[in-house]
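Examination of the molecular architecture
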Amino acid sequence: MKIDLSKLSITTAHEHLTRGDFSARELAEGYLSVIEKKNPEINAYLEVFDDVLDQAHEADKRIADKKEVGLLTGIPLAVKDNILIKGYRCGAASKILEGYHAPYDSTVIQKLKAQGAVFLGRTNMDEFAMGSSTENSAYGPTKNPHDTSRVPGGSSGGSAAAVAMDGALAALGSDTGGSIRQPAAFCGLVGFKPTYGAVSRHGLMAMGSSLDQIGPLTKTVGDAEIIFNAIRGKDPNDSTSRDFPDSSKKPLRVGVLTHFLHESQARSIDKQVFDNLGEAAKIVGDFGETVDIKLSDNPPLGYSLATYYIIMPAEVSSNLARFDGMKFGALEEGGNLMEDYFKTRGRLFGKEVRRRIILGTYVLSSGYYDAYYNKANVVRSLIQKTFENIWEKVDVLMTPTTPTPAFKIGEKTNDPMQMYLADIFTVTANIAGVPAISIPSGFAEVDGKKLPLGIQFMAPHGREDILFEIGKKFEKISS
Ligand code: GLN
């Protein structure tokens with residue numbers, strides 16, 4: 001059978017594979033030929049693995065023997081360059097990790113291997129996951145397949161572009177402040193950030209350890225659920241991971257966050273994004289009750305971005321101390337040990353990474369710790385309490401995923417503040433640790449091009465079931 005990659009989901013591909021309509025090898029070959037054609041322009045992949053067909057062959061053997069066949073057996077996936085796969089290069093798109101090979105499998109990869117998934121390659125990203133456009137990669141920007149003059153979002157932009165160009169059926173990304181959901185929105189995909197702790201971070205290169213989560217970028221909500229179920233669960237190698245009990249409360253009330261920004265921030269929200277939120281609220285009204293949640297009644301939510309940009313760099317400055325030229329990857333040699341450090345870290349880290357290390361060191365320094373880091377932690381707990389109050393009124397909270405559709409390559413690179421504002425709707429879920437999903441919600445018309453938009457739903461801790469249920473209903477009506 002001729003494979004139409006643009007129409008496949010994990011669910012349908014699994015049916016075809018188990019029915020014998022095509023083999024895992026043929027499916028993998030389909031993706032490899034798209035990658036060969038499109039990757040030189042899009043730059044979604046930093047590396048395509050040389051053993052893809054061997055992996056597919058193993059999956060075909062399982063399917064033929066009807067042994068250990070799961071929903072992901074033979075499914076071709078792309079993996080962000082900060083998730084370790086044993087024996088392969090892994091570099092967080094940074095020069096400082098040039099030459100580094102992963103010595104072990106991350107827990108998520110172990111779990112996907114157990115199902116017989118096929119890994120196509122590692123995808124481009126903002127260096128160490130710091131950014132919203134994939135322009136901070138040391139290996140050049142990734143382009144948005146919907147309009148190649150625009151960014152795919154970030155930091156998991158390579159993973160998003162890989163799926164959007166039909167160069168993978170689904171992908172793994174990491175989300176510290178929106179890095180799965182924002183690129184998913186820019187590329188017309190579903191992007192899902194699990195509850196903090198629901199998925200093990202073992203083998204994920206740490207950016208902000210109290211915020212980071214691994215999650216899927218997929219074409220459908222059902223596919224995101226399949227990958228989540230495959231990778232979730234308590235892991236002895238990550239003491240912050242845990243199992244969440246299954247719940248059965250049915251979602252009914254959807255809070256729509258209105259008047260959601262302070263005056264000064266509201267100016268950067270695109271009119272088409274506002275209108276799209278209204279349309280999405282109407283769709284949701286078809287199957288649930290919508291309730292207005294006002295920012296003015298929940299003031300701490302307005303400080304999410306400021307809180308994030310203190311806590312995250314503080315954790316970055318500490319997590320990235322390990323890259324000193326000795327332990328991992330590349331070394332720029334100086335005349336003595338101190339010079340080794342200065343040269344390696346000064347030359348091999350990119351500008352944004354250095355900016356955040358300096359910011360983080362500053363907010364943690366003894367003179368400013370109370371003024372910034374401590375205060376941000378106090379606000380963080382206020383934000384968490386605000387969510388507890390909101391969950392008494394509604395079952396999910398809905399916002400746009402991004403304040404604008406995909407922006408032009410180069411448009412925000414000289415203005416970090418503008419770039420940080422791209423995360424205004426997504427960081428809140430990481431600060432509170434709650435699960436959040438971005439779902440395609442239509443298009444904006446810009447310069448004669450149709451650019452995808454996303455709508456975000458957030459739910460209480462451990463209640464991803466609500467997100468999948470609402471998401472499937474929303475996706476059905478909106479598509
Ligand atoms: N864009 C955000 C940042 O630059 C989020 C990054 C992320 O989620 N990894 O911090």
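Our subject is the structure that appears above.
Attention in this report is confined to the structure presented alongside it. Quantities reported herein were computed from a predicted structural model and do not represent experimental measurements. (Residues numbered from 1 in each chain as written. Predicted model: local features only at pLDDT ≥ 70, side-chain atom pairs only at ≥ 80, totals over all residues. Heavy atoms only, no water.)

1. Focus: the overall build of the protein chain
For the protein chain, the helix and strand inventory stands at 16 helices and 11 strands. Radius of gyration (C-alpha) of the protein chain: 21 Å, near the 23 Å computed for a compact globule of 479 residues. A principal-axis box enclosing the C-alpha atoms of the protein chain has dimensions of 70 × 60 × 50 Å. A burial count over the protein chain gives 59% of its 479 residues as buried. By sequence separation, contacts in the protein chain at least 24 residues apart represent 75% of the contacts at least 6 residues apart. (Helix = DSSP H or I, 4+ residues; strand = E, 2+ residues; numbered from the N terminus. Rg over C-alpha atoms; globule rule 2.2 N^0.38 Å. Buried < 20%, exposed > 50% of the residue type's maximum accessible area, 1.4 Å probe, protein only. Contact = heavy atoms within 4.5 Å.)

2. As for the site of the ligand
The ligand sits among 16 residues. The nearest are Thr176, Gly177, Ser179, Tyr308 and Arg356. Side-chain polar atom of Ser132 to a nitrogen atom of the ligand: 2.9 Å apart, as the coordinates give it. Protein coverage of the free-state accessible area of the ligand, which is 300 Å², stands at 100%. Mapping the ligand onto the cavity grids shows that it belongs to the second largest cavity. (Near = heavy atom within 4 Å. Polar contact = N/O pair within 3.5 Å; in protein donor to acceptor, adjacent residues only side chain to side chain. Areas by Shrake-Rupley, 256 points an atom, 1.4 Å probe, with all protein chains shown as cover. 1 Å grid on protein atoms, 1.4 Å probe; cavity = no way out; pocket = protein on both sides within 12 Å on 5 of 7 lines; lining within 4 Å. Sits in = over half its atoms within 2 Å of the grid points.)

3. Observations regarding empty space enclosed by the protein
Applying the stated criterion to the full structure yields 5 cavities of 30 Å³ or more. As a volume, the second largest cavity reaches approximately 70 Å³. Of the residues in the lining of the second largest cavity, the class split is 4 nonpolar, 6 polar and 2 charged. (Points joined across faces, edges and corners; volume = space filled by probe spheres on them. Nonpolar A, V, L, I, M, F, W, Y, C, P; charged D, E, K, R; others polar.)

4. Some thoughts on a nonpolar patch on the surface
A cluster of nonpolar side chains, namely Met326, Leu331 and Leu337, defines an oily patch on the protein surface of about 260 Å² accessible area. Considering the arrangement of structural elements, one finds Leu331 in the loop between helix H10 (304-319) and helix H11 (337-348). (Patch = residues over 30% accessible without salt bridge, like charges linked within 9 Å, V, L, I, M, F, W, Y side chains within 5 Å. Salt bridge = Lys/Arg side-chain N within 4 Å of Asp/Glu carboxyl O.)

5. So, the pairing of strand S4 (residues 170-175)
Among the 6 residues that make up S4, 6 are buried, leaving the element largely enclosed by the rest of the structure. Taking every second residue as pointing to the same face, both faces of S4 are buried, with Ala170, Leu172 and Ser174 on one and Ala171, Gly173 and Asp175 on the other. Pairing geometry for S4 and strand S6 (residues 213-218), over 5 bridges, is antiparallel. Considered in S6, the bridge of Asp175 is made with Gln213. (Pairing = 2+ DSSP bridges.)

6. Here's the deal with the pattern of salt bridges
On inspection of all chains with the given rule, the structure shows 23 salt bridges. Across the pair Glu58 and Lys61 runs a salt bridge, and its minimum N-O distance is 3.4 Å. Taken together, the residues span about one helical turn, with Glu58 and Lys61 both in helix H3 (residues 52-65) at a distance of 3 residues. A relative accessible area of 44% places Glu58 in the partly exposed class. Judged by its relative accessible area of 39%, Lys61 falls in the partly exposed class. In this structure, the salt-bridge partner of Arg122 is Asp81, at a minimum N-O distance of 3.1 Å. Here Arg122 is found in strand S3 (residues 118-123), whereas its partner Asp81 is found in the loop between strand S2 (76-80) and helix H4 (107-115), with 41 residues between them in sequence. Both residues of the pair, Arg122 and Asp81, count as buried. Salt bridges sharing partners connect three or more residues here, namely Asp147, Arg150, Asp447 and Lys449.

7. Considerations on unusual backbone geometry
Here the bond from Gly154 into Ser155 is cis, since omega is 5 degrees, no more than 30 degrees from zero. Relative to the helices and strands, Ser155 resides in the loop between S3 and helix H5 (157-164). The backbone phi angle of Lys66 is positive, close to 50 degrees, even though this residue is not glycine. Tracing the backbone shows Lys66 in the loop between H3 and S2.

8. Overview of the layout of surface pockets
Considering only enclosed or pocket space, the largest pocket measures out at about 510 Å³ in volume. Lining the largest pocket are 22 residues, with Gly188, Leu189, Lys219, Pro440 and Phe443 positioned closest to its centre. Contributions of two or more residues to the lining of the largest pocket are made by H5, strand S10 (436-446), strand S11 (449-458) and helix H16 (464-478). A breakdown of the residues in the lining of the largest pocket according to their chemical character gives 10 nonpolar, 9 polar and 3 charged.

9. Concerning the packing of helix H9 (residues 271-285) against H16
Between H9 and H16, the shortest axis-to-axis distance is 10 Å and the interhelical angle comes to 110 degrees. It follows from the interaxial angle that H9 and H16 lie roughly perpendicular. For the crossing formed where H9 meets H16, the hand is right-handed. Mapping the contact onto sequence places Ala280, Ile283 and Val284 in H9 and Phe474, Ile477 and Ser478 in H16. (Axes fitted to C-alpha atoms, helices over the stretch in contact; angles between N-to-C directions. Parallel < 35°, antiparallel > 145°, perpendicular 65-115°, else oblique. Left-handed = near helix turned anticlockwise from the far one by under 90°.)

10. So, the nonpolar core
One broad trend across soluble globular proteins is that nonpolar side chains are buried collectively. If you look at the biggest cluster of nonpolar residues, it comprises 84 residues, and the most contacted ones within it are Met398 and Phe457. Excluding residues within four positions of it along the chain, Met398 makes contact with Val254, Gly255, Val256, Leu257, Leu277, Ala280, Ala281, Val284, Ile455, Gln456 and Phe457. If you look at the next biggest cluster of nonpolar residues, it comprises 64 residues, including Leu84, Ala93, Leu320 and Ile431. (Core = buried A, V, L, I, M, F, W, Y, C linked by side-chain atoms within 4.5 Å.)

11. A closer look at the environment of Lys80
Assignment of secondary structure puts Lys80 in strand S2. Of the residues examined, Lys80 reaches a relative accessible area of 0% and is grouped as buried. Between the C-alpha atoms of Lys80 and Ser155, which are 75 residues apart in sequence, the distance is 9.4 Å. Apart from residues no more than four positions distant in its own chain, Lys80 is found in contact with Thr123, Met125, Ala129, Ser155, Ser156, Ser159, Leu172, Gly173, Ser174 and Ser179.

12. Concerning the environment of Glu339
Considering the arrangement of structural elements, one finds Glu339 in helix H11. Glu339 sits in the partly exposed class, given a relative accessible area of 36%. Linking Glu339 and Gly74, residues 265 residues apart in sequence, is a C-alpha distance of 48 Å.

By themselves, these are just geometric observations and shouldn't be taken as functional.
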